[in-house]
Each structure stands twice: as C-alpha cells, then as structure tokens.
Amino acid sequence: MASDPARKHDRESARPPHSTISGMEIDEVYGPDSASGAVGEPGRYPFTRGVYETMYRGKPWTMRQFAGFGSAADTNARFKYLLEHGGDGLSTAFDMPTLMGYDADSDRALGEVGREGVAVSTVDDVAALFDGIRLDQVTTSMTVNCTASILLAMYFVVAERQGCKWSDLGGTIQNDMLKEFIAQKEWISPPAPSLRIVTDMIEFCTREAPRWHPVSISGYHIREAGATAVQELAFTLADGITYVQAAVDRGVDVDEFGPRLSFFFNIHNDFLEEVAKIRAARRLWARTMRERFGAKTDRACLMRTHAQTSGVSLTAQQPLNNVVRVAVQALAGVMAGVQSLHTNSLDETFALPTEEAATVALRTQQIIAEETGVTNTVDPLGGSFAVEALTDRMEAEAQAYIDRIDDMGGMLRAIEIGFPQKEIADSAFTFQVAHDAGEYVTVGVNGYTMESAAAVETLKIGLEIEADQKEKLAAYKAGRDGAAAEAALAAIRSAAAGDDNLMPVVIDAVRAGCTVGEISDVYREVFGVYGDPAWI
Amino acid sequence: MTDQSMRILVAKPGLDGHDRGAKIIARALRDAGMEVIYTGLHQTPEMIAEAAVQEDVDAIGLSILSGAHMTLFPKILDLLRDKGAEEIPVFGGGIIPDEDIQQLKQLGIREVFTPGATTGAIVDWIRENVPARN
C-alpha cells in the first residue's frame, strides 16, 4: 500500500510530529542550556562518553557475528569461515529445541531441529561445534537462557577435554532469564527458580571462571518485541538490578562480580535516539552500581555492552535496502561506543543468512572501522547539544520507570503481574496502528513501494538434519553408562530441591553423558513448568 | 454477517517465542469487533486443533517464525481433518518464504501474510473469506 501524505491529516495522529521512532518528541533546535552539562570524560565514572579512555584508538570493537544452523559440523564450518574473514569472536545460535530444553528426539522438537540455530543435545555436539578451535584462544558468546546452565557445563567439559583451564576461558553466556519472561519467551520453569539458577551461575563463574561473563543483560529482545527505546533501557537495567541484588544477597562481593556483568542492546533506526540510549545506559548503570549497591571500584560500575542491529527493522520488500539500514544502525552503535557488534544480514527477514549475505554484514563493520574515520576520536558526538539533551532525557525517563518497578516490589514481581509484558504489547500495538496509518513510513513497505523487487537467495536447511540428529543421539545414549547418567541426574534433583549451587552437579551430569533434554526434565520436575499467561 | 458472531483462534505453534505479531493481530481483530481466543506460545498441533474444535471457532490464524511451518502447518490441517473440522479456514503469518507459501496453499492453508501486511488487510481478508455463521 503506497503512503499518501494527505491521509496523515485526515485523522488524529498517534505519533507526535518530529518524534523519534519510539514516539519521543524532538525539539527543533537544542542549545547550550538543553542539557545538564555534566558530560564527563571517557574512561571515567560515570562513563557517559565511553568505558575506556582511548576507546577504538586503543582497541577496536569485537566484530562478533552470530551464527548457527543445521548440525554442529555445519556451524563449525561457518565459524571457521567467519574467523578466516576477519571476524574475531564466535557467537553461537542454538536451535529452538536446544533453547527450550528438548532433545532432538522429543515430540516437541518436531520440525524444529537445526532450523533456527545449531542442534545440540549432547556434550559431543558441543565438541563438534568447536572442533579445531582452541577454547582458550577465542572468546565465545552463547545465546541460550533457560538451558544456559547445561550448555555452559558442556562448554566447560569440552574445554577440559581440550586441555584448557576454565580460568582461561573468555566469553559470555546470555543467561538473562528475566528478559525471557518479558520478551523472548524461552523458558522452562517459573521466574523465581529461573532467577536462582542464574544466580548460581554468577556465583560459580565468579569463583571458577573469572574471565567468563555469566550473564548478558539484554535489551535486544525487549526492543524487538515492540518496546520503545526508553522501555528497552529501563527494563534491561531493572533486570540487571535484580541480578545484582540476588548475587549480593548470596554474599558475592559486588566489586568481584560487577566487572563480569555484560549488556546487550538493540540498535534501531533512529540514529540520535540510539546513540543517546547507549550513553544514558552507561551513566545510569554506573550510578546504580555505585549509589545503590555501593560498588567501590570503577571497574564494577562500567557497563560494557554488545549490540546488534535491529532485526525487526529489516524489510522483506526491496531487501537490498536492508544493507543501508544495517550500516546506519551499526554506525550509531560505533558512535555510541559499544564493545562488540553483530550486524544483521540483508536476507534475515526470509531465513537465516546465506554465507554471501553474512559476509556483506561483516564487511559493513569493517568499512566503518577502516574507511569512515569515526574511530579516530573518542565519543565523536559527545558535547552535541542534541545528543547530550537526549541522553539526559533517556536517563531520566528510564529512571522513572525503574522507580515504578521498585514500587511494585522489583522486577521479579513486576514480571509476575505482567507489567513489562503489557507495556511492551501496548507500545508494539500503538506503533503498528500508527504505521498502518502511514504516520511512520518504512521505505519499500508503506512508502516508495514497487510492484516487484529483486529476489534474494536464501539459505535452505533440509529436513534430513532431524533424522541425523536423532540417530546420533540414540548412538550416544547407547554408548554411555546408563546407571552413572541416572545417578548424576539424581544428584541434580537433590541439589535443585535444596540450596546447593547447581553448576557442579550439572557439570558432573554432562561428564556422565546426560543430555540437554534429560537435565531440563529434572528442572521441570523439581521447579515446575511455566506456561504462557497469553496476555494480549 | 456481523463481526460479533465471528470467533477467531489466534494460535502460536512451535517453540519460538516471537509473539509480537500474534498479539498485534489478536488486538486488531478484537478492535474490529471479532471475538478472539489467543492460545499463547509453544502450542503443539494437537493443542491447536483441540482448541479450535472445543471453542467452535470460525477461523484459525497461525503465527510462526521458527521456520518449522512446513512441518507444523500441514500437521494442524491433518488433525483438523481427523476431527472432521476441515471446513474451518486456516490462515497463517510469519517468516515464510514465497515457495513455501505456494506449497502451503496447495495443502489447504487459505492465505499467508508476510511481514509488511497491515492489520487492516488481515481484517479485510477475514471479512471476505470467512463464511458467515448462523
């Protein structure tokens, strides 16, 4: 449907004039009095201008491209391809059964094996995934949440087999369960026991794998689900506050684990809003860690963040235009000072990316790093009247939301009553209505449309992967000591029912050959199963 | 027919948690005067077919973004047939490639909406294609 500018004046507008994509109204011009003036210095508390003094002059961001599809061997080949072409960190996408705690042979896995990511049921699958890659030589990100404890245990066991020490392992596991209930919606058990497992992992990693980031506090999915930029910022930080409080209550020193928390934000289309959001996030987190939790060291106050360009902003119509969207979003991320970045591929509204599309996405980052010159100076937008004013405003509005959540009794409680879920659904619906009315124009979708546009090649994943995985799993189970596996599961059952940290027993179970589905079944049994409240 | 008499099941098969689209459609249909039953996430084909029959719905809208549509959509159609409910029109939406859309339509999925479809277009399609009750 082509947009008709005249139509916009026929009805009351749902979008304020000259507003951001989140509906935040923007002034015609900003001046020296628009912002508080407390801009600060890069590398100094509260880190508005960046977490390091020299930023990309000293160390470029990590170009970390998310990959995973089909079998472990398929994904291993894509990892090696990305490393050979200048990618410098691995990032693993798992398939839906792995993410939800089902083995490839479960009825619930029907049609889903290897489709949205790599299929992993056993520690041998993880070994094949990283075959030929020394785990103490790369940093790995694993995007997995309700089964994070199991996948991390498998990663540690594979590292052990390779002869690597856990203390030398660098990487991040997403493991942000609160945002699962809010937005991404991959879960096994209810919020409270889910938070307990996350806290077990923070405690365990602080002790045993101090270079590992045990949780990546994520706004990405919150935004993709339809939140505004302010909601993304506020709910992410409120989740972070909940994890820190839980770890502090456990007796873990905030200055010890604080530096190992990492963040993950979305970078959407609205350039200045996104830059302001990331800058405000750093300042608000620094203040929270110091003023609310009493962190003494600056290291515990600095927010390091990964970012990913916005998947939902990509269009199926005229898909080559997506390259431009991704480039602009990536530039915003870099100008905002992120520590690592994933750029989406132009074909991701159709399927997982082809190798060619994934290469263009990686090249986009390399062009920004090597050709645009924006890395030559730290925080190049710092001091801009508009950016500083928006940064102040994002911080104030996010803090107001956090205060409301505190008044409800904290994020765990807010989730239980559906507060962030409903706020996001409202924002998503409001945006859609305004978009359908032509108040937001998406090029190629409701403006500047064409009858037909160039089709792009897409990645096809055959259905045979499902049968192959089932066969491998059956052989794996036949080859293990069944009694030892049973005993290991019993140990998890008993630790889960009590207060012991779950990680040591989960690691033992992985060593004994227990699968993702089997360990998840113990969680289901002991902690119960969470069902979607289906609020609309 | 009046929209009040229309009952639509909005269902989310598969394991993925992408419910933004399903929820927007559910609200838009409700705002258009239809009665909407939303299943929530992570539904098996059996749960969806059962809910459709139990709730006596006039149409079923399936939303999927996990890539499992070629397995799950036909299975839902089969189960409806087993229950003698094959006359309930089934439409779908999500990340579904063109060549799959053709196949799904041959199998009996009445319409597939892809990203960029407006809520108004979906409401209109239902009004034009879902037979009146009474």
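These numbers were taken from a predicted model, which means no experiment stands behind them.

A. Structural detail: the sheet that holds strand β7 (residues 261-267) of chain A. All names here are of chain A. The strand order across the open sheet formed by 9 strands is β5-β4-β3-β2-β1-β9-β8-β7-β6, and the pairing between neighbours is parallel. For this open sheet the edge positions go to β5 (212-213) and β6 (215-218), each flanked by a neighbour on one side alone. Note that strand β8 (residues 305-309) and strand β9 (residues 340-342) share 3 bridges and pair parallel. When the sheet's bridge partners are listed, H306 is paired in β9 with S340. Most of the contacts of helix α9 (residues 229-249) go to β7, to which it runs at about 165°, and overall it touches β6 and β7.

B. Region of the structure containing the nonpolar core. Membership of the largest hydrophobic core comes to 172 residues, with the highest contact counts inside it found for A:F156, A:I492, A:L502, A:I519, A:Y523 and B:I126. Per-element accounting of this core gives the leading share, 12 residues, to α9(A). With residues near it in sequence (within four places) discarded, A:F156 still touches A:W166, A:L169, A:F204, A:C205, A:A209 and A:I507. Grouped together as the second largest cluster of nonpolar side chains are 26 residues, B:L9, B:A52, B:I109 and B:V112 included.

C. Region of interest: unusual backbone geometry. Between A:Y45 and A:P46 the backbone carries a cis peptide bond, its omega angle lying at 0°. In this model, B:H42 sits at a positive phi of 60°, which is unusual for a non-glycine residue. Looking at where B:H42 falls in the secondary structure, it is placed in the loop between β2 (35-38) and α2 (45-54). Look at B:H42 and you get buried, because its relative accessible area is 9%.

D. Inspection of the packing of aromatic side chains at higher detail. All names here are of chain A. For the structure on display, the rule yields 23 aromatic pairs over all chains. Geometrically, the ring pair formed by F130 and Y155 is edge-to-face, given 5.3 Å between the ring centres and 90° between the ring planes. Linking F130 in the loop between α4 (123-129) and β3 (139-143) with Y155 in helix α5 (residues 148-162), this pair joins segments that are 25 residues apart in sequence. Looking at F130, the relative accessible area reads 0%, which means it is buried. Classification of Y155 as buried rests on a relative accessible area of 0%. Consider the rings of F431 and Y440, whose centres lie 4.6 Å apart with planes at 50°: the pair is tilted. On the accessibility criterion, Y440 (8% relative accessible area) is buried. Through pairs of rings, three or more aromatic residues link up here, namely F79, F130, Y155, F156, W166, F204 and W212. Just above the ring of Y45 sits the side chain of R290; from NZ or CZ to the centre is 4.6 Å. A cation over a ring is seen here: R524 above Y102, with NZ or CZ 4.4 Å from the ring centre.

E. Region of the structure containing the packing of helix α18 (residues 482-497) of chain A against helix α20 (residues 516-527) of chain A. Residue and element names in this part refer to chain A. Relative to each other, α18 and α20 sit at 35°, their axes nearing to 10 Å. Judged by the twist between their axes, the crossing of α18 over α20 is right-handed. In this structure, α18 uses L489, I492, R493, A496 and A497 to contact α20, whose residues at the interface are E518, I519, V522, Y523, E525, V526 and F527. Across the contact of α18 with α20, the residue classes tally to 9 nonpolar, no polar and 3 charged.

F. Structural view of the environment of B:S66. Along the chain, B:S66 falls in the loop between β3 (59-64) and α3 (69-82). Through-space distance from the C-alpha of B:S66 to that of B:Q102 is 18 Å; in sequence the pair is 36 residues apart. Not counting chain neighbours up to four residues away, the residues in contact with B:S66 comprise A:M96, A:E112, A:R115, A:E116 and B:D16. A distance of 2.9 Å separates the side chain of B:S66 from the side chain of A:E112, its partner in a polar contact. A polar side-chain atom of B:S66 sits 3.4 Å from the main-chain amide nitrogen of B:A68.

G. Here's a closer look at the environment of B:V36. Residue and element names in this part refer to chain B. Mapped onto the secondary structure, V36 falls in strand β2. Spatially, the C-alpha atoms of V36 and I8 are 5.0 Å apart, while their sequence positions differ by 28 residues. If we ignore the near neighbours within four places in the chain, the residues touching V36 are I8, V10, A26, L29 and R30.

H. Main features of the pairing of strand β2 (residues 89-93) of chain A. All names here are of chain A. Within β2, 5 of the 5 residues are buried, which leaves the element mostly enclosed by the surrounding structure. Here β2 shows a buried face lined by G89, S91 and A93 and a second buried face lined by L90 and T92. Bridge count for strand β1 (residues 62-67) against β2 is 4 bridges, and the pairing is parallel. Within β2, the position partnered with Q65 by the bridge is L90. Regarding topology, helix α2 (residues 72-84) serves as the crossover connection from β1 to the parallel β2, and that connection is right-handed.

I. Main features of the sheet that holds strand β1 (residues 7-11) of chain B. Residue and element names in this part refer to chain B. Taking strand neighbours across the sheet as the criterion, the 5 strands line up as β2-β1-β3-β4-β5 in an open arrangement whose pairing is parallel. With one partner strand each, in any of the chains shown, β2 and β5 (111-113) form the two edges of the open sheet. Averaged over all neighbouring strand pairs, the angle between strand axes comes to 20°, with direction disregarded. Pairing between strand β4 (residues 90-94) and β5: 3 bridges, direction parallel. Residue pairing for β5: G93 is matched across the bridge by F113. Across the sheet, helix α1 (residues 20-31) lies against β1, β2 and β3, angled at about 160° from β2, the strand it touches most.

Rules used throughout
- Residues numbered from 1 in each chain as written.
- Chains lettered and ligands numbered in written order.
- Predicted model: local features only at pLDDT ≥ 70, side-chain atom pairs only at ≥ 80, totals over all residues.
- Heavy atoms only, no water.
- Pairing = 2+ DSSP bridges.
- Helix = DSSP H or I, 4+ residues; strand = E, 2+ residues; numbered from the N terminus.
- Contact = heavy atoms within 4.5 Å.
- Axes fitted to C-alpha atoms, helices over the stretch in contact; angles between N-to-C directions.
- Core = buried A, V, L, I, M, F, W, Y, C linked by side-chain atoms within 4.5 Å.
- Buried < 20%, exposed > 50% of the residue type's maximum accessible area, 1.4 Å probe, protein only.
- Phe/Tyr/Trp six-rings, centres within 6.5 Å; stacked < 30°, edge-to-face > 60°.
- Lys NZ or Arg CZ within 6 Å of the ring centre and 35° of its normal.
- Left-handed = near helix turned anticlockwise from the far one by under 90°.
- Nonpolar A, V, L, I, M, F, W, Y, C, P; charged D, E, K, R; others polar.
- Polar contact = N/O pair within 3.5 Å; in protein donor to acceptor, adjacent residues only side chain to side chain.
- Right-handed = clockwise from strand over helix to strand, strands pointing away.

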